[in-house]
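Structural overview for review
Each chain is listed here by its residues.
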Protein chains: 2
Amino acid sequence: MTPKEAMERLETFRVRVDDVDRRIVELLNERTRVVEEIGRVKREASLPIYEPRREDQVFANITAANGGPLGSDAIRRVFERIIDEMRTVQRLRMEKGNSSGTVAGGENKGEK
Amino acid sequence: MTPKEAMERLETFRVRVDDVDRRIVELLNERTRVVEEIGRVKREASLPIYEPRREDQVFANITAANGGPLGSDAIRRVFERIIDEMRTVQRLRMEKGNSSGTVAGGENKGEK
C-alpha cells in the first residue's frame, strides 16, 4: 500500500466515522428529549428524579444488546457519561422549574 | 395525573429510552469496526495512531450536527469518552499485532 493509497483509504473511513457520529448525536438528542419528558412526569407526580434501580435496567439493556466488537465495560463507561449528562439536564430543568414556579411546556427545543 | 397514570407514562418513555440506547450501542460498535479498519491501514502504512488534528475534526463535525436539546459541551464530553474507549481498542489491537508479529484479519468480530 503506497502512502497515497493509505491516505485515500483513511479518508473513506473518516467519512464513515463522521456519518456514524452525526447519527449518534441525533440519538443523544432524542434520548435527551425523552428524558426531559420523564422529568416532567416525575415533577408533576412528585416522584423522585433519581432511581438507582432504573439505572441497573439501563445497563442490563445495553449489555444484552451489545454484540461487540466494543467490550461491554467500554459501552457501560460511555453510558455512565451519557446518563451523567442527562442528569445534569434534568437538574437544570428542575431548578428552572422551581425558580419560575411553573413547569413550562415546549422548553425542550433549541436549547444549547 | 394519578400515580398510576404517571407510572404508565414513565413506562412508555422508558421503553423508548431502551430502544434509543440499543441503537446507540449498535452505532458505537459500527464506529469501533471502522476505527479498527483505520488502525489496520495506519499500521500497514506505518502512520501514527494518534492524530490530534483529526480529533478537532471529529469535534467540529459533532458540534455542527448538534441541533439540541443536549448542549454541545455535553455532547463533546460524551464523545471524549467514546474516543478514549476506541483509542484503548486500537492500543490493545496494536499490542496484539506486535506480540503475534502479524496483523490478523477478521479478529474484530465477537470480541468483548
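Residues numbered from 1 in each chain as written. Chains lettered and ligands numbered in written order. Predicted model: local features only at pLDDT ≥ 70, side-chain atom pairs only at ≥ 80, totals over all residues. Heavy atoms only, no water.

Turning our eyes to something else, we now look at the nonpolar core. Leu28 and Phe79 of chain A together with Leu28 and Phe79 of chain B are the most contacted members of the largest nonpolar core, which has 36 residues in total. Of all the elements in the fold, those that place two or more residues in this core are helix H1 (3-44), helix H2 (52-65) and helix H3 (72-100) of chain A together with helix H1 (3-44), helix H2 (52-65) and helix H3 (72-100) of chain B. Setting aside residues up to four positions removed in sequence, Leu28 of chain A forms contacts with Ile82 and Met86 of chain A together with Ile24, Leu70, Ile75, Val78 and Phe79 of chain B. (Core = buried A, V, L, I, M, F, W, Y, C linked by side-chain atoms within 4.5 Å. Buried < 20%, exposed > 50% of the residue type's maximum accessible area, 1.4 Å probe, protein only. Helix = DSSP H or I, 4+ residues; strand = E, 2+ residues; numbered from the N terminus. Contact = heavy atoms within 4.5 Å.)

On to the environment of Ala65 of chain B. Positionally, Ala65 of chain B belongs in helix H2. Taking relative accessible area as the criterion, Ala65 of chain B reaches 31% and is therefore assigned partly exposed. Once residues lying within four places of it in the same chain are set aside, the contact partners of Ala65 of chain B are Arg22 and Val25 of chain A.

Here we take up the relation of the copies chain A and chain B. Once chain A has been moved 0.0 Å along the axis and rotated by 180°, it coincides with chain B to within an RMSD of 0.0 Å. Classification of the inter-copy transformation places it as that of a two-fold axis. Both copies share a contact surface, since 98% of the interface residues of chain A are interface residues in chain B too. (Least-squares fit on C-alpha atoms with pLDDT ≥ 70 in both.)

Residues and elements named next belong to chain B. Using the criterion set out here, one finds 30 salt bridges over all chains in the structure. A salt bridge links Arg87 to Asp84; the nearest nitrogen and oxygen atoms lie 3.9 Å apart. In this pair, Arg87 and Asp84 are both assigned in helix H3, 3 residues apart and thus about one turn of the helix distant. Assessed through its relative accessible area of 33%, Arg87 is described here as partly exposed. (Salt bridge = Lys/Arg side-chain N within 4 Å of Asp/Glu carboxyl O.)

Here we come to the interface of chain A and chain B. Across the contact, 59 residues belong to chain A and 58 residues belong to chain B. Between chain A and chain B lies a buried interface of about 5900 Å² when both sides are counted; carbon and sulfur atoms form 69% of it. Counting the surface chain A buries against chain B, the share from its top three residues, Arg14, Leu27 and Pro69 of chain A, is 11%. Linking chain A to chain B there are 10 salt bridges. The salt bridge partner of Glu51 of chain A is Arg14 of chain B, with a shortest N-O separation of 2.5 Å. Across the contact surface, chain A and chain B share 21 residue pairs in polar contact (both at pLDDT 80 or more). The dominant element in the side of chain A that touches chain B, judged by the number of residues it contributes, is H1 of chain A, at 29 residues. Across the side of chain A that touches chain B, the residue classes break down as 28 nonpolar, 10 polar and 21 charged. (Buried area = accessible area lost by both parts, 1.4 Å probe. Polar contact = N/O pair within 3.5 Å; in protein donor to acceptor, adjacent residues only side chain to side chain. Nonpolar A, V, L, I, M, F, W, Y, C, P; charged D, E, K, R; others polar.)

For Lys42 of chain A, the position within the fold is in helix H1. Note on Lys42 of chain A: relative accessible area 4%, which makes it buried. Discounting residues that sit within four places of it in the chain, Lys42 of chain A has contacts with Leu47, Pro48, Ile49 and Glu51 of chain A together with Leu10 and Arg14 of chain B.

The geometry of H2 of chain A relative to H1 of chain B is characterised by a closest axis approach of 9 Å and an angle of 40° between their N-to-C directions. Looking at the two axes, H2 of chain A sits oblique to H1 of chain B. By crossing handedness, the relation of H2 of chain A to H1 of chain B is classed as right-handed. Contacts between H2 of chain A and H1 of chain B involve Arg54, Val58, Asn61, Ile62 and Ala65 of chain A from the former and Arg14, Val17, Asp18, Asp21, Arg22 and Val25 of chain B from the latter. (Axes fitted to C-alpha atoms, helices over the stretch in contact; angles between N-to-C directions. Parallel < 35°, antiparallel > 145°, perpendicular 65-115°, else oblique. Left-handed = near helix turned anticlockwise from the far one by under 90°.)

A separate point is the packing of aromatic side chains. Counted by the stated rule, this structure contains 0 aromatic pairs over all chains. Over the ring of Phe59 of chain A we find Arg76 of chain A, and its NZ or CZ is 3.9 Å from the ring centre. (Phe/Tyr/Trp six-rings, centres within 6.5 Å; stacked < 30°, edge-to-face > 60°. Lys NZ or Arg CZ within 6 Å of the ring centre and 35° of its normal.)

Contact pair H1 of chain A / H1 of chain B: the axes reach a minimum separation of 9 Å and the direction vectors enclose 165°. Taken together, the axis directions place H1 of chain A and H1 of chain B in an arrangement best described as roughly antiparallel. The crossing of H1 of chain A and H1 of chain B is left-handed. In the contact of H1 of chain A with H1 of chain B, the residues fall into 22 nonpolar, no polar and 18 charged.

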